[in-house]
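Secondary and tertiary structure notes
Read off the chains here:
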Amino acid sequence: MKKADVVIIGGSAAGIPAAITCRRHYPQKSVMLIRKEEKVQIPCGIPYIFGTVNSPENNLIPDTAVTGNGIELLVDEAEKIDRNQKNVITKSGETVSYDKLILATGSKPLDLPIPGLDKKNVFKVKKETPYLHNLLEEMEDKNDIVILGGGFIGVEFADECKKNRDVNVTIVELLPHCLMLAFEDEFCQEAEQLLKERGIQLITGVKLEEALGDEKVTGVKLSDGREIKADLLLVAVGVKPNIDLAENAGLETDRGGIIVDSSMMTSDENIFACGDCTSKKSFFTQKPSGLKLASIAAMESRIAGANLFGKRRENKGAVGVFSTVVGDKAFGMAGLSEKIAKEHGYDPVIGQAESPNRHPGGMPGMAKMKVKLVFNKKTGEIIGGQVRGGHSVGELVNTISACIQKNMTADDIATFQLGTHPAVTASPIAYQLVNAAEIALTKMRC
Ligand SMILES: Cc1cc2nc3c(=O)[nH]c(=O)nc-3n(C[C@H](O)[C@H](O)[C@H](O)COP(=O)(O)OP(=O)(O)OC[C@H]3O[C@@H](n4cnc5c(N)ncnc54)[C@H](O)[C@@H]3O)c2cc1C
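About the thresholds
Residues numbered from 1 in each chain as written. Predicted model: local features only at pLDDT ≥ 70, side-chain atom pairs only at ≥ 80, totals over all residues. Heavy atoms only, no water. Near = heavy atom within 4 Å. Polar contact = N/O pair within 3.5 Å; in protein donor to acceptor, adjacent residues only side chain to side chain. Areas by Shrake-Rupley, 256 points an atom, 1.4 Å probe, with all protein chains shown as cover. Helix = DSSP H or I, 4+ residues; strand = E, 2+ residues; numbered from the N terminus. Core = buried A, V, L, I, M, F, W, Y, C linked by side-chain atoms within 4.5 Å. Buried < 20%, exposed > 50% of the residue type's maximum accessible area, 1.4 Å probe, protein only. Contact = heavy atoms within 4.5 Å. Salt bridge = Lys/Arg side-chain N within 4 Å of Asp/Glu carboxyl O. Pairing = 2+ DSSP bridges. Axes fitted to C-alpha atoms, helices over the stretch in contact; angles between N-to-C directions. Expected span 1.5 Å × (residues − 1). Patch = residues over 30% accessible without salt bridge, like charges linked within 9 Å, V, L, I, M, F, W, Y side chains within 5 Å. Lys, Arg positive; Asp, Glu negative; His and termini not counted. Charge placed at Lys NZ, Arg CZ, Asp CG, Glu CD. Left-handed = near helix turned anticlockwise from the far one by under 90°. Nonpolar A, V, L, I, M, F, W, Y, C, P; charged D, E, K, R; others polar.

Brief notes about the site of the ligand
By nearness alone, 34 residues border the ligand, and A14, E37, K127, D276 and L293 come closest of all. Here S12 contributes a side-chain N or O atom positioned 2.9 Å from an oxygen atom of the ligand. S295 is positioned such that a nitrogen or oxygen atom in its backbone is 3.4 Å from an oxygen atom of the ligand. Expressed as a share of its isolated accessible area of 1,000 Å², the protein-covered part of the ligand is 93%. Ranked by residue count, the leading element in the shell around the ligand is helix 7 (residues 294–307), at three residues.

Pasting the structure below:
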């Protein structure tokens, strides 16, 4: 029998930071991480295997992230949790006893009830390295790739598939626009224009009804009657939480995953959970949230890891922050869009500003950066923001997220002290975040 004070099941965006946080907060405790894969992919890097980084081997989380932090690594699959004995039984027959357990078992692709998805050359967005090697190999001699789902994962795959290959790529999306669940329509349309310029065909507002072909996929049938040629179909339509272990152990779960309290404790005081496997609440409404992101997984894991032996941190709910890149432009969002804010009953006030992200505008690397901020008219507080521009978008939406989490008002942001430099930021006069807040303020005063 093996033994550790803290055992973590799962070795990705939630499991690793949970283990590291536990070591930092409780250095006297022994920590063991159990994960089933030999090699772990950086989940968010998976689309880039098919273009920019060119191989699953170039997208791995190094084991030193675990072992270099004094954490014992066990590569094995946890098959059962015995809550009475406080141990985990693995596939290889090992019994590992724990004092505290963290479940970070993540998510797996949704199964859609569409006929034909069991055909050869129909792939899902899985995270296993051998599966991704196979997908990359299969892609090499294909001419017509269809991607089902125009969310950020489908869009990133489409963009990357075009990078090193002369291949027809089509995205089929049920909603009127790609990226629509996250972004304002104007940002979706800009991204769609870029995708089209890169030769990607977009079919939106229709349902994929069937994957056609005998043994192998040869095409797809759409709800408007069209048939599109396909020798490879990639299904990129979302995930469901991986909760078999938790359910079999009798822990409370719901559709969103394992139920946890604000300290990330499950219905068993000795078991915590974090990441895609947990059920989430919205930061804004405290109602269930369907968001599953690596950034949320990492935040939750830092709460779980710190709270194991006494409550030190609290999860205030998922804000929802992420970025994506299409061609050479980045798009980022944090919190609520104007549309979603209205759906949640807010009276939103919008401030928008666009200017170069360098000064003077002739500086190398300049991109026009547009910032749209959403404020709650009643309190003046920021509740969302969207950004389009160069790659600095990624850091700017993180700043917006900080403003949201700290309930900053438009006035706070307009007078916010920021650092600027000609080669790396907009000018202090034209700084988009500040100017968007000023513009919103003028509307709030009306
Ligand atoms: C293609 C793609 C791109 C994405 N891009 C982004 C992005 O840009 N930004 C962002 O914020 N999010 C992104 N996401 C979402 C993000 O990847 C997930 O939110 C994140 O991976 C969740 O981390 P996790 O550790 O909770 O779960 P997972 O990454 O699913 O990891 C779960 C881990 O648990 C292990 N495990 C499960 N069951 C067992 C068991 N019984 N025994 C042992 N080990 C087990 C798995 O093997 C794995 O190591 C992307 C997702 C995908 C698929």
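Some remarks on the nonpolar core
Core analysis: the biggest nonpolar cluster contains 47 residues, and L101 and L103 have the highest contact counts within it. Of all elements in the fold, only strand 1 (2–9), helix 1 (15–25), strand 2 (31–35), strand 4 (78–82), strand 6 (95–103), helix 6 (244–248), strand 19 (271–273) and helix 7 reach the threshold of two or more residues within this core. Not counting residues within four places of it along the chain, the set of residues in contact with L101 comprises V7, I9, I81, V88, N270, I271 and F272. Counting 41 residues, the second-largest nonpolar core is a separate cluster that includes F50, C178, F322 and F331.

Structural notes on the pattern of salt bridges
Per the stated rule, a full pass over the model turns up 26 salt bridges. Close ionic contact of E77 with K91 constitutes a salt bridge, the shortest N to O distance being 4.0 Å. With E77 in the loop between strand 3 (72–75) and strand 4 and K91 in the loop between strand 5 (87–90) and strand 6, the pair connects residues that are 14 residues apart, well separated along the chain. A salt bridge links K120 to E138; the shortest N-O distance between them is 3.8 Å. On the criterion of sequence distance, the pair formed by K120 in the loop between strand 7 (107–109) and strand 8 (122–124) and E138 in helix 3 (residues 129–139) is long-range, its members being 18 residues apart. In the salt-bridge network here, residues are joined through shared partners; they are E184, E186, E190, E338, K342, E354, K370, K372 and R388.

Here we look at the sheet that holds strand 24 (residues 348–356)
Within the open sheet, the five strands sit side by side as 22-23-26-25-24. Their pairing is antiparallel. Here the strands that pair on one side only, and so sit at the sheet edges, are strand 22 (321–326) and strand 24. Along the sheet, successive strands turn relative to each other by an average axial angle of 10 degrees, direction set aside. Bridge analysis of strand 24 against strand 25 (residues 368–376) gives nine bridges, and the strand direction is antiparallel. Within strand 25, the residue paired with P356 across the bridge is K368. Strands strand 24 and strand 25 of the sheet are contacted by helix 11 (residues 432–445), whose axis makes an angle of about 145 degrees with strand 24.

A look at helix 11
Over its 14 residues, helix 11 runs 20 Å from end to end, which matches the ideal 20 Å to within 8%, given 1.5 Å per residue. Of the positions making up helix 11, those classed as buried are Q432, L433, V434, A436, A437, A440, L441 and M444. Against strand 24, strand 25, helix 9 (393–405) and helix 10 (410–414) lie the buried residues of helix 11.

Quick look at a positive patch on the surface
On the surface, R24, R302, R312 and R313 cluster together into a positively charged patch. Looking at where R313 falls in the secondary structure, it is placed in the loop between helix 7 and strand 22.

Looking at the side chain of H177
Relative to the helices and strands, H177 resides in the loop between strand 10 (168–173) and helix 5 (185–197). A distance of 3.3 Å separates the side chain of H177 from the side chain of Q189, its partner in a polar contact. Polar side-chain contacts of H177 include one of 2.9 Å to the side chain of E192. The residues contacting H177, other than those within four sequence positions of it, are C188, Q189, E192 and T204.

Focus: unusual backbone geometry
For residues that are not glycine, phi is negative in most cases, and the peptide bond is trans in most cases. Look at the link from H359 to P360: it is a cis peptide, with omega at 0 degrees. For N54, which is not glycine, the phi dihedral falls at a positive 70 degrees. Assignment of secondary structure puts N54 in the loop between strand 2 and helix 2 (64–67). The backbone of M264 sits at a positive phi, close to 75 degrees, despite the residue not being glycine. Among the secondary structure elements, M264 is positioned in the loop between strand 18 (257–258) and strand 19. The class for M264 is buried, based on a relative accessible area of 1%.

Topic: the packing of helix 1 against helix 7
The geometry of helix 1 relative to helix 7 is characterised by a closest axis approach of 7 Å and an angle of 35 degrees between their N-to-C directions. Where helix 1 crosses over helix 7, the handedness of that crossing is right-handed. Every residue of helix 7 that contacts helix 1 at P17, A18, T21, C22 and H25 is listed here: A298, S301, R302, G305 and A306. Among the residues making up the contact of helix 1 with helix 7, the classes are represented as five nonpolar, four polar and one charged.

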